[in-house]
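The residues making up each chain are set out below.
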Amino acid sequence: MRTVIQRVSEASVTIDGSVHGKIGRGYMILVGIADSDDETVVNKMADKIAKLRIFEDENGKMNLNLEQVSGSVLSISQFTLYADCRKGNRPSFSGAGKPDHAKKMYLYFNEVMRRYGFDVQEGIFGADMKVRLLNDGPVTIVLDSNTL
């Protein structure tokens with residue numbers, strides 16, 4: 001499982017010209033799933049993200065987590081996080097999970113984040129989405145379950 005977490009002041013996803021999900025302060029998370037990912041992997045990733053301390057405290061130090069700032073999550077499925085560009089100029093996505101499995105794990109990830117008490121907005125798996133965000137900092141964190 002791979003994620004890209006961006007600390008945002010606001011973010012939204014538009015599908016077919018209509019806003020489908022929108023948040024204020026929080027995380028915009030791109031979520032990539034591999035076929036080897038299971039609920040154990042997803043739980044571990046969600047726990048790490050929920051506890052990440054990347055919001056500034058009163059001293060300007062990254063010391064607060066999402067819950068401490070009453071933040072929300074915009075979760076976007078993103079198979080392109082598994083792009084392999086080693087051969088040629090056209091990426092291969094063979095490392096990305098098969099759609100049925102990836103969708104199941106993506107939706108499970110969103111549910112786990114909701115269990116932590118977060119408002120989770122999401123895109124539509126497999127849809128053509130337009131994502132807008134105002135990166136705060138900018139702060140962008142890349143997590144790979146193989147290195148957690």
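Now for a description of the structure that goes with this document. This structure is a prediction, so every number in the text was calculated from the model and none was measured. (Residues numbered from 1 in each chain as written. Predicted model: local features only at pLDDT ≥ 70, side-chain atom pairs only at ≥ 80, totals over all residues. Heavy atoms only, no water.)

### Description of the packing of aromatic side chains
Each aromatic ring pair is summarised here by two numbers: the centre-to-centre distance and the angle between the ring planes.
Alright, step 1. Within this structure, the stated rule accounts for 4 aromatic pairs.
Alright, step 2. With a centroid separation of 6.3 Å and 40° between ring planes, the pair formed by Tyr106 and Phe125 is classed as tilted. One end of the pair, Tyr106, is in helix α2 (residues 99–115); the other, Phe125, is in the loop between β7 (120–122) and β8 (129–144), and 19 residues separate them in sequence.
Alright, step 3. Take Phe125: its relative accessible area is 27%, and that puts it in the partly exposed class.
Alright, step 4. Aromatic pair Tyr116 and Phe118: ring centres 6.3 Å apart, planes at 20°, arrangement stacked.
Alright, step 5. Under the relative-accessibility criterion, Tyr116 is labelled partly exposed at 34%. (Phe/Tyr/Trp six-rings, centres within 6.5 Å; stacked < 30°, edge-to-face > 60°. Helix = DSSP H or I, 4+ residues; strand = E, 2+ residues; numbered from the N terminus. Buried < 20%, exposed > 50% of the residue type's maximum accessible area, 1.4 Å probe, protein only.)

### Focus: the pattern of salt bridges
When the charged atoms of two side chains lie near each other, side chains of opposite charge can form a pair.
Alright, step 1. One pass over the full model with this rule turns up 7 salt bridges.
Alright, step 2. Two residues, Arg2 and Asp144, come together in a salt bridge whose shortest N-O distance is 3.0 Å. Placement of Arg2 in strand β1 (residues 2–15) and of Asp144 in strand β8 is noted, with a sequence separation of 142 residues between them.
Alright, step 3. The exposure class assigned to Arg2 is partly exposed, which follows from its relative accessible area of 27%. (Salt bridge = Lys/Arg side-chain N within 4 Å of Asp/Glu carboxyl O.)

### Describing the packing of helix α1 (residues 39–51) against α2
Alright, step 1. One can describe the packing of α1 onto α2 by two numbers: an axis separation of 9 Å at closest approach and a directional angle of 40°. The pairing of α1 with α2 is recorded here as oblique in orientation. Crossing hand, α1 versus α2: right-handed. Of α2, the residues touching α1 (which contributes Glu39, Val42, Asn43, Ala46, Ile49 and Ala50) are Met105, Tyr108, Phe109, Val112 and Met113.
Alright, step 2. Broken down by class, the residue content of the contact of α1 with α2 amounts to 9 nonpolar, 1 polar and 1 charged. (Axes fitted to C-alpha atoms, helices over the stretch in contact; angles between N-to-C directions. Parallel < 35°, antiparallel > 145°, perpendicular 65-115°, else oblique. Left-handed = near helix turned anticlockwise from the far one by under 90°. Contact = heavy atoms within 4.5 Å. Nonpolar A, V, L, I, M, F, W, Y, C, P; charged D, E, K, R; others polar.)

### Focus on the layout of surface pockets
Empty space among the atoms becomes apparent when a probe as large as a water molecule is rolled across them.
Alright, step 1. Roughly 300 Å³ of internal volume is contained in the largest pocket.
Alright, step 2. Considering the residues around the largest pocket, the lining is formed by 17 residues, among which Ser77, Gln78, Phe79, Gly126 and Met129 are closest to the centre.
Alright, step 3. Elements that contribute at least two residues to the lining of the largest pocket include exactly β3 (26–32), β6 (72–77), α2 and β8.
Alright, step 4. Class assignment for the residues of the lining of the largest pocket results in 11 nonpolar, 6 polar and no charged. (1 Å grid on protein atoms, 1.4 Å probe; cavity = no way out; pocket = protein on both sides within 12 Å on 5 of 7 lines; lining within 4 Å. Points joined across faces, edges and corners; volume = space filled by probe spheres on them.)

### Some words on unusual backbone geometry
Alright, step 1. In the segment running from Gly137 into Pro138, the intervening peptide bond is cis, with an omega of -5°.
Alright, step 2. With respect to the element layout, Pro138 can be found in strand β8.
Alright, step 3. Within the chain, Asp16 stands out as a residue other than glycine whose phi angle is a positive 50°.
Alright, step 4. Counting through the fold element by element, Asp16 comes out in the loop between β1 and β2 (18–23).
Alright, step 5. Even without a glycine there, the phi angle at Ser70 is positive, about 55°.
Alright, step 6. Mapped onto the elements, Ser70 comes out in the loop between β5 (62–64) and β6.
Alright, step 7. Judged by relative accessible area, Ser70 falls into the exposed class, the value being 66%.

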